[in-house]
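Tertiary structure, described
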Amino acid sequence: MTVSKMYSLPALPYDYAALAPALSEEQLRLHHNKHHQAYVNGANAVLEKLDNARKGNIDLDMKSMLKELAFHLGGNRMHTMFWENMAPAGKGGGGAPEGKLGEMIVDEYGSFERFKKEFTQAANSTEGSGWAALTLCLGTMRPLIMQVEKHGVNTYPFKIIMVLDVWEHAYYVDYRNDRAKYVENFWNVVNWDTVNKRLFEALKK
Ligand code: MN
């Protein structure tokens, strides 16, 4: 079996129109097909430069190469997680977490409502381009909320289990500058099953 040594854009686990009205078909298509694709292309371009430089024994500016590679790979990873932790409202999306995740959230935050409030505040106050993320701290095994700058490649020892993209490109077509409305509607499409599965994987390590 040959393994591709380049990255490719993963297909969405639902149709482009499936998350409306939280995210319109146009917004989701642009975000996946243009923005996410650009991170995939960017990562591949750096890998190609590295391959060619090695073949021709050419020196590269490694600092800028690696920074660019990490940025694009971070973008690819975060977007892939984002698509997976959403589902159409009422068909896997929305509601409240059950099982272990539900228990851990109530343990940490007192209630799901309190968690939702804190996560919403984190998403609304993320400066510049970034993400709000629910993580599992591998040191304390507590489910902690984080604000991630750009694509956050430096999140150790936090295992990310849920993300919300708050870069402007994630909501501007549908919401213009009203990020708060976008964040409010995100709760209707959270796929808690996926988040629970990620929690389960993280707890095993
Ligand atoms: Mn994005």
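Only a predicted model underlies this, so the values are computations on that prediction, with no experimental measurement involved.

**Some details on the sheet that holds strand S3 (residues 158–165)**
As summarised here, the arrangement of the three strands in space is S2-S1-S3, forming an open sheet in which the pairing is antiparallel. Two strands close off the open sheet at either side, each with one partner strand: strand S2 (143–149) and S3. In this sheet, neighbouring strand axes are inclined to one another by 30° on average, regardless of whether the strands run parallel or antiparallel. Judged from the seven bridges that link them, strand S1 (residues 130–137) and S3 form a sheet pairing that is antiparallel. What sits directly across from Leu136, in S3, is Lys159.

**Let's talk about the packing of helix H3 (residues 99–109) against helix H7 (residues 192–204)**
Running from N to C, H3 and H7 point in directions that differ by 80°, and their axes come no closer than 8 Å. Judged on the interaxial angle alone, H7 and H3 are roughly perpendicular. Residues Gly99, Lys100, Leu101 and Met104 of H3 lie in contact with H7, whose contacting residues are Trp192, Val195, Asn196, Leu199 and Leu203.

**Side note on the coordination of the manganese ion**
Protein coordination of the manganese ion is provided by His31 (NE2), His79 (NE2), Asp165 (OD) and His169 (NE2), with donor distances spanning 1.9 to 2.1 Å. Written as a sequence motif, the donor residues of the manganese ion are H-x47-H-x85-D-x3-H. Residue His31 is found in helix H1 (residues 25–55), and its partner Asp165 is found in strand S3; the two are separated by 134 residues along the sequence. Here His31 matches Asp165 in class, with each residue buried.

**Looking at the packing of aromatic side chains**
In total, this model carries 20 aromatic pairs according to the counting rule given. Between Tyr39 and Trp167, the ring centres sit 6.4 Å apart and the planes meet at 75°, which makes this aromatic pair edge-to-face. Here Tyr39 is found in helix H1, whereas its partner Trp167 is found in the loop between S3 and helix H5 (172–175), with 128 residues between them in sequence. Residue class for Trp167 comes out buried when judged on its relative accessible area of 13%. Ring plane angle 40° and centroid distance 5.4 Å describe the contact between Phe82 and Trp83, whose orientation is recorded as tilted. Residue classification places Phe82 among the buried positions, given a relative accessible area of 0%. Judged by its relative accessible area of 2%, Trp83 is buried.

**Considering unusual backbone geometry**
A cis geometry characterises the amide bond from Ala20 onward to Pro21, with omega recorded as 5°. Turning to its location among the elements, Pro21 is positioned in the segment before H1. In the Ramachandran plot, Lys150 falls in the positive-phi region, its phi being about 50° despite a non-glycine side chain. Phi is positive for Arg176, which is not a glycine, with a value near 50°. Looking at the element boundaries, Arg176 is found in the loop between H5 and helix H6 (179–186).

What counts and what doesn't
- Residues numbered from 1 in each chain as written.
- Predicted model: local features only at pLDDT ≥ 70, side-chain atom pairs only at ≥ 80, totals over all residues.
- Heavy atoms only, no water.
- Pairing = 2+ DSSP bridges.
- Helix = DSSP H or I, 4+ residues; strand = E, 2+ residues; numbered from the N terminus.
- Axes fitted to C-alpha atoms, helices over the stretch in contact; angles between N-to-C directions.
- Parallel < 35°, antiparallel > 145°, perpendicular 65-115°, else oblique.
- Contact = heavy atoms within 4.5 Å.
- Donors = N, O, S within 2.8 Å, 3.2 Å for Na, K, Ca; no water.
- Buried < 20%, exposed > 50% of the residue type's maximum accessible area, 1.4 Å probe, protein only.
- Phe/Tyr/Trp six-rings, centres within 6.5 Å; stacked < 30°, edge-to-face > 60°.

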